[in-house]
Amino acid sequence: MPAVLSKIDLHSHSNASDGALSPSELVQRACDRGLTHLALTDHDTVLGITEAQDAARGRLELIPGAELSTMWNNYQIHIVGLFIDIKSQSLLKYLEGQKVFRKERAREIGAKLERQGFANAYEECRKRAAEGASITRGNYARYIVEMGKAQDTNEAFNYYLKKGKSCYVKTQWPDISVACDAIKASGGVAVLAHPRRYEMTNTKLRELMEYFKSCGGEAMEVGCSQMSPNDLNYMTSLCKKYDFMASLGSDFHHEGPFRELGLGLVIPEELKKVWECPQAEKFNFPSEA
Ligand code: AMP
Ligand code: MN
Ligand code: MN
Ligand code: MN
């Protein structure tokens, strides 16, 4: 089967968090790949949006977004806000709190890595990202690979960063409802990110979706990178069951064999697309896409 290439990708990262490319480089890559619509959704920050908007002007439609970290039943759940107003005071206040929280956590992880022999880990990661960026475990994973201590970022997680490993730091992220409120207060749409990546049973996943819905969540990612046909069918049925709009996104972070802008992203015809919501009107989405 030929690889599907979507011209719309509503989940991506820049070096304002744990992506490798600057916002302008990311936009350039999206243009080179023929995309018409790209959402920049860095972790708990909107720092890269203005640069991305400037780079995108007249070339592609840049949708302002952010991926918010939350906690539900001990699972780290990601909520993507799309079509957000990056000047919204309530959103900025929320992100300011997250910034302090993330910085503290990043320093703690860095200190643990130092004990494992990675000198100045926090500073080294900070230097590699944009000024003021959200430092995530993704930044550390890339640094560990760069230092030759893991073959790839997944291995870096398995050796050092995931729960139970030496450099894991337990974190209490805000509740899903708090993140949804911040997104909605900024005029955005709350989207449940990559529902298949939480390593939970289908029963738990349905519970999560019910809770997300009760918090005002309106959409879920149906088109994700590397999704099996079975998972796509199941996500489609859940999207209908909970009456969510469907989104799609590669979650691109850096060049590599697994995730690429627009690659392999599909939403079945029968679902209502997230870009059919009123907030999307000014972004010129194609009516039949
Ligand atoms: P954090 O929000 O600081 O806990 O970091 C989460 C980020 O780490 C995710 O957005 C991914 O970019 C990255 N990540 C999580 N798990 C893995 C994994 N197994 N392999 C590679 N990267 C991962
Ligand atoms: Mn990430
Ligand atoms: Mn995520
Ligand atoms: Mn992401």
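Presented here is a report on the structure given in the accompanying data block. Keep in mind it's a predicted model, so treat the numbers as computed, not measured.

## Describing the pairing of strand β7 (residues 245-249)
Burial analysis of β7 places five of its five residues in the buried class, which makes it a mostly covered element. In β7, alternate side chains face the same way, and those of Met245, Ser247 and Gly249 on one face and Ala246 and Leu248 on the other are all buried. Looking at chain direction, strand β6 (residues 219-224) and β7 are connected through five bridges and run parallel. Paired with Met220 across the bridge in β7 is Ala246. For the handedness criterion, the β-α-β arrangement of β6, helix α9 (residues 229-241) and β7 is classed as right-handed.

## Some details on the side chain of Glu124
Along the chain, Glu124 falls in helix α4 (residues 121-128). Beyond its immediate chain neighbours, meaning those up to four positions away, Glu124 contacts Ala119 and Tyr143.

## Quick notes on the layout of surface pockets
There is about 380 Å³ of room inside the second largest pocket. Around the second largest pocket sit 19 residues that line it, and Thr45, Lys99, Gly132, Ala133 and Ser134 are the ones nearest its centre. At eight residues, helix α3 (residues 89-115) tops the list of elements feeding residues into the lining of the second largest pocket. Broken down by class, the residue content of the lining of the second largest pocket amounts to 10 nonpolar, three polar and six charged.

## Brief notes about the coordination of the manganese ion (ligand 2)
Distances from the manganese ion (ligand 2) to its protein donors, Asp18 (OD), His43 (NE2) and His253 (NE2), fall within 2.2 Å. In primary-sequence terms, the residues that donate to the manganese ion (ligand 2) follow D-x24-H-x209-H. What makes Asp18 buried here is its relative accessible area of 5%. Here His253 falls in the buried class, since its relative accessible area comes to 14%.

## Examining the packing of aromatic side chains
Enumeration over the complete set of coordinates arrives at 10 aromatic pairs. Their ring planes at 10 degrees and their centres at 5.5 Å tell us that Trp275 and Phe285 sit as a pair that is stacked. Of this pair, Trp275 sits in the segment after β7 while Phe285 sits in the segment after β7, and the two are 10 residues apart along the sequence. The class of Trp275 is buried, set by a relative accessible area of 9%. Looking at Phe285, the relative accessible area reads 14%, which means it is buried. An aromatic cluster of three or more residues is present, and its members are Phe83, Trp275, Phe283 and Phe285.

## Quick look at the coordination of the manganese ion (ligand 4)
Taken together, the protein ligands of the manganese ion (ligand 4) are His11 (NE2), His13 (NE2), Glu67 (OE) and Asp251 (OD), with distances of 2.1 to 2.2 Å. Along the chain, the residues that donate to the manganese ion (ligand 4) are spaced as H-x1-H-x53-E-x183-D. Metal-to-metal, the separation of the manganese ion (ligand 4) and the manganese ion (ligand 2) is 4.6 Å. Residue Glu67 is found in strand β3 (residues 61-72), and its partner Asp251 is found in the segment after β7; the two are separated by 184 residues along the sequence. A relative accessible area of 4% means that Asp251 is categorised as buried.

Definitions and limits used
- Residues numbered from 1 in each chain as written.
- Chains lettered and ligands numbered in written order.
- Predicted model: local features only at pLDDT ≥ 70, side-chain atom pairs only at ≥ 80, totals over all residues.
- Heavy atoms only, no water.
- Buried < 20%, exposed > 50% of the residue type's maximum accessible area, 1.4 Å probe, protein only.
- Helix = DSSP H or I, 4+ residues; strand = E, 2+ residues; numbered from the N terminus.
- Pairing = 2+ DSSP bridges.
- Right-handed = clockwise from strand over helix to strand, strands pointing away.
- Contact = heavy atoms within 4.5 Å.
- 1 Å grid on protein atoms, 1.4 Å probe; cavity = no way out; pocket = protein on both sides within 12 Å on 5 of 7 lines; lining within 4 Å.
- Points joined across faces, edges and corners; volume = space filled by probe spheres on them.
- Nonpolar A, V, L, I, M, F, W, Y, C, P; charged D, E, K, R; others polar.
- Donors = N, O, S within 2.8 Å, 3.2 Å for Na, K, Ca; no water.
- Phe/Tyr/Trp six-rings, centres within 6.5 Å; stacked < 30°, edge-to-face > 60°.

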